[in-house]
Amino acid sequence: MKFRLLLLITLFPYLALSQLSSVAEGPSFEEPENGYARILLLENGNTAYLHITKKDGINLRLYDAQHKEIVNKEITPSYGKLKGATVNGIFDIDGMITAFISEFDDKTPTLYRLKINSQTGELIETKTIATLIKASMGQGYAVIFGGVPMPEFLVRKDPASNNCGVVRYNTFTENREERVELIQYSESGAENYRTFLSSPDAKYKYTQILDFAVVGTDAYALLYSYNTAKSGGAANELLLATVKNGTVTYKNLGKSISRRIDDGLLRYNPVTGNLIFLTLEKTSTESKGLYNQTVNYAAQFNIIDPNNTEIKKTVDMRRSSASMKYRKLFKDDEPFSGMPQQIYINEDGSFTLVLEEIKQKYRTNTRNGMPVSSSPSGIELGSVAVITYSEDGEERSSHIIPKLQTTLSSAWDQANYTTASNFYIAKRDNCAVPLSGGNQFKSFAYLHSKDKPYVLLNDVAENEERILKGKLTNVKGVGDCEGYVYDLTAASDTKNPLMPRALVFGKENSKERNLAIFSISDYSRSRKEYATLKLEKGKGVKLVWLKG
């Protein structure tokens, strides 16, 4: 199954290539191959590496400002062994490494908050802060066959402060006004407010939380409220909920064009005070055979003033120069079919949208030699587009990064790598990344440093030549891969859209291969430092720090 952005719904001089330079390397240790991992560059100058497993707790490594390892310890939280674990967020909050982890405790979805001292690595707190309704078989059928969204926890932190928030999305609560609950926390971690978010006057039976943003002591939530044929017809509204001092107000942002909005992103721009939202709505499915389908989406991509009812700007992705560059690069009449994955707010108030081509892969299940069903077997991750807009939504630049990777099915954590999730890059940012079957080395990372933007990924060397013919080697195993960096200030235009790239890590001999888990990395603008986990074949892994 291929995913494509079909249309936009409008609701209302050359620089030489330079790469990141290595600053320091930590000691080698055994490569983590399961569980979840995350790196944090802390405000106190330290660096934290966390490896979270379902059975064995947390391995924490701390490094000081001089990149010397000062802590290497195993932490055993009081929740014991995790069942159906999800890492919902890991942040540096008020001088503490703060992890939000959820599991099914006796079939009850439970969210824990862990606080770890960022100097000593001591576990200070393991606290249950939220639960959802106990899971039942009937709920499972409702999710699979009835289109009911999965209950879940969402965690967000204000990038400019230590304020954070948690949303309890209790989709099976009977009271329609209590399905979405926002819990706001102060900078010290104390609970400030609990606020239910629904629709004005409970007008609609269902309210879906798409995303939310914490801005100091305030919060903004992007909601989709709707009815079904059995509950009042096809009426629906896209809503912005503004929460101040525990009081909520709503703004109608418009209606979807057909059935229902599937997903959304909401970002606050601290330079302009505006909000940027992007939503996806599935419009149609084109079938070209049993397991060859294209799902078409409509997108709403707008800038709004939260203090005004008007949409200030509709951003038209269709008009981006990225499409022309893609056609030129691949010598193809087919348009770029990448799906939006994340919106990054840059220091000057501009913002960057990253898109990636995604195709769902299937395996055929047989019985007595005859096909009886199919199941997801992996995801084909294609080329990336990086489009940067001014603070007012005018395109400044676009780049195409050619790549082709396929994730592999894993018995350890199959769901994370065999299904394609909308906005999966946005969902993994600030969370821990699942480690399974080498798939963690795939995908890409976008980094906007203090001075310039980069894209980092693992790839095979031969793709530098193959792309000149409009073709790419599909990376399934990563044994021959190396870490590459694209400096997006280098020249790229419609006549020559091929971006130059450089190795992230130096090589002592031609057979040496160094790659990294770029998806778990972190960047500190104040320190101008980037930290990632490098794999050296036969030598294990080590933290490395880069500047650029």
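Residues numbered from 1 in each chain as written. Predicted model: local features only at pLDDT ≥ 70, side-chain atom pairs only at ≥ 80, totals over all residues. Heavy atoms only, no water.

**Points about the overall build of the protein**
Logical step 1: Secondary structure summary: the protein contains 5 helices and 36 strands in total.
Logical step 2: Carbon and sulfur atoms make up 48% of the accessible area of the protein, which amounts to about 23,200 Å² in all. (Helix = DSSP H or I, 4+ residues; strand = E, 2+ residues; numbered from the N terminus. Areas by Shrake-Rupley, 256 points an atom, 1.4 Å probe, with all protein chains shown as cover.)

**Describing the environment of Val-455**
Logical step 1: Among the structural elements, Val-455 can be located in strand 30 (residues 453–460).
Logical step 2: Residue classification places Val-455 among the buried residues on the basis of a relative accessible area of 0%.
Logical step 3: Placed 46 residues apart in sequence, Val-455 and Arg-501 show a C-alpha to C-alpha distance of 9.5 Å.
Logical step 4: Val-455 has contacts with Val-386, Ile-401, Phe-444, Ala-445, Tyr-446, Tyr-484, Val-485, Tyr-486 and Leu-488, leaving out every residue within four places of it along the chain. (Buried < 20%, exposed > 50% of the residue type's maximum accessible area, 1.4 Å probe, protein only. Contact = heavy atoms within 4.5 Å.)

**Here's the deal with the pattern of salt bridges**
Pairing is possible between side chains of opposite charge, provided their charged atoms come close.
Logical step 1: Throughout the structure, instances matching the rule amount to 26 salt bridges.
Logical step 2: For Glu-536, the salt bridge goes to Lys-534, with nearest N and O atoms at 3.2 Å. Across this residue pair, the class does not change: Glu-536 and Lys-534 are buried.
Logical step 3: One continuous salt-bridge network, built from bridges that share partners, spans Glu-25, Lys-534, Glu-536 and Lys-542. (Salt bridge = Lys/Arg side-chain N within 4 Å of Asp/Glu carboxyl O.)

**So, the sheet that holds strand 4 (residues 47–53)**
Logical step 1: Here 5 strands make up an open sheet; going across it, the order is 6-5-4-3-28 and the pairing antiparallel. Edge positions in the open sheet fall to strand 6 (69–75) and strand 28 (433–434), since each of these has one partner strand only.
Logical step 2: Across 6 bridges, strand 3 (residues 36–41) lies against strand 4 in antiparallel orientation. Paired with Leu-41 across the two strands is Thr-47, which belongs to strand 4. (Pairing = 2+ DSSP bridges.)

**So, the pairing of strand 3**
Logical step 1: Within strand 3, 6 of the 6 residues are buried, which leaves the element mostly enclosed by the surrounding structure.
Logical step 2: Going residue by residue along strand 3, you find Tyr-36, Arg-38 and Leu-40 tucked away on one face and Ala-37, Ile-39 and Leu-41 tucked away on the opposite face as well.
Logical step 3: Linking two consecutive strands that pair antiparallel, namely strand 3 and strand 4, is a turn of 5 residues; a positive phi of about 100° is found at Gly-45 within it.
Logical step 4: Pairing of strand 3 with strand 28 involves 2 bridges; the strand directions are antiparallel.

**Some remarks on the side chain of Ser-443**
Logical step 1: Residue placement: Ser-443 occurs in the loop between strand 28 and strand 29 (445–448).
Logical step 2: Within polar-contact distance, the side chain of Ser-443 engages the side chain of Tyr-424 at 2.7 Å.
Logical step 3: Leave out the neighbours within four places in its chain, and Ser-443 touches Glu-356, Leu-381, Lys-403, Gln-405, Tyr-424, Ile-425, Arg-428 and Leu-457. (Polar contact = N/O pair within 3.5 Å; in protein donor to acceptor, adjacent residues only side chain to side chain.)

**Describing the sheet that holds strand 9 (residues 108–117)**
Logical step 1: The 4 strands are arranged 7-8-9-10 in an open sheet whose pairing can be described as antiparallel. Looking at which strands have only one partner, the edges of the open sheet turn out to be strand 7 (86–93) and strand 10 (123–131). Geometrically, the sheet is characterised by an average inter-axis angle of 20° between neighbouring strands, direction not taken into account.
Logical step 2: For strand 8 (residues 96–105) and strand 9, the ladder comprises 10 bridges, and the chain directions are antiparallel. (Axes fitted to C-alpha atoms, helices over the stretch in contact; angles between N-to-C directions.)

**A look at the nonpolar core**
Logical step 1: Ranked by internal contacts, the top residues of the largest apolar core, which has 31 residues, are Phe-301, Ile-343, Phe-351, Leu-353 and Tyr-389.
Logical step 2: Among the secondary structure elements, those contributing two or more residues to this core are strand 20 (275–287), strand 21 (293–304), helix 2 (322–330), strand 23 (339–345), strand 24 (351–367) and strand 25 (370–389).
Logical step 3: Sorting elements by how many residues they give to this core places strand 21 first, with 5 residues.
Logical step 4: In this view, Ile-343 contacts Leu-265, Arg-267, Ile-276, Leu-278, Phe-301, Phe-351, Thr-352 and Leu-353; residues no more than four positions away in its chain are not counted. (Core = buried A, V, L, I, M, F, W, Y, C linked by side-chain atoms within 4.5 Å.)

**Considering the packing of aromatic side chains**
Logical step 1: Applying the stated criterion across every chain, the model contains 12 aromatic pairs.
Logical step 2: Measuring from centroid to centroid gives 5.3 Å for Tyr-63 and Trp-545, while their planes differ by 70°, and the two rings are edge-to-face. Note that Tyr-63 is positioned in strand 5 (residues 57–63) and Trp-545 in strand 36 (residues 540–547), a separation of 482 residues in sequence. A single burial state applies to Tyr-63 and to Trp-545, both of which are buried.
Logical step 3: A centroid spacing of 6.1 Å and a plane angle of 80° characterise the contact between Phe-301 and Phe-351, whose relative ring orientation is edge-to-face. Of this pair, Phe-301 sits in strand 21 while Phe-351 sits in strand 24, and the two are 50 residues apart along the sequence. (Phe/Tyr/Trp six-rings, centres within 6.5 Å; stacked < 30°, edge-to-face > 60°.)

**Brief notes about the confidence of the model for the protein**
Logical step 1: Here the protein averages 87 in pLDDT, and 87% of its residues register 70 or above.
Logical step 2: Counting interchain partners and residues more than four positions distant, the pLDDT-below-50 stretch residues 6–17 has 40 contacts. (pLDDT = per-residue confidence, 0-100.)

**With respect to helix 2**
Since there are 3.6 residues in each turn of an α-helix, residues three or four apart along the chain are aligned in direction.
Logical step 1: Looking only at helix 2, the buried set comprises Ala-322, Lys-325, Tyr-326, Leu-329 and Phe-330. Buried residues of helix 2 fall within an arc of 115° about the axis and therefore sit on the same side.
Logical step 2: Among the residues trailing helix 2, Lys-331 stands out with phi positive, at a value near 50°. (Arc of directions from axis to C-beta.)

**Focus: unusual backbone geometry**
Logical step 1: Even without glycine at this site, Asp-106 takes up a positive phi of about 55°.
Logical step 2: Tracing the backbone through its elements, the reader meets Asp-106 in the loop between strand 8 and strand 9.
Logical step 3: Phi at Asn-245 takes a positive value of approximately 55°, unusual for a residue other than glycine.
Logical step 4: Positionally, Asn-245 belongs in the loop between strand 17 (236–244) and strand 18 (247–254).

**Focus on the environment of Lys-312**
Logical step 1: As for its position among the elements, Lys-312 is in strand 22 (residues 311–314).
Logical step 2: Judged by relative accessible area, which is 52%, Lys-312 ranks as exposed.
Logical step 3: C-alpha of Lys-312 to C-alpha of Asn-302: the two residues are 10 residues apart in sequence and 7.5 Å apart in space.
Logical step 4: In this structure the side chain of Lys-312 is engaged in a polar contact, spanning 3.5 Å, whose partner is the side chain of Asn-274.

**Observations regarding the side chain of Asn-162**
Logical step 1: Among the secondary structure elements, Asn-162 is positioned in the loop between strand 11 (152–157) and strand 12 (164–169).
Logical step 2: A polar contact of 3.1 Å, which involves the side chain of Asn-162, links it to the backbone nitrogen of Asp-94.
Logical step 3: What Asn-162 contacts, discounting residues up to four positions off in sequence, is Asp-92, Ile-93, Asp-94, Lys-157, Ser-186 and Glu-187.

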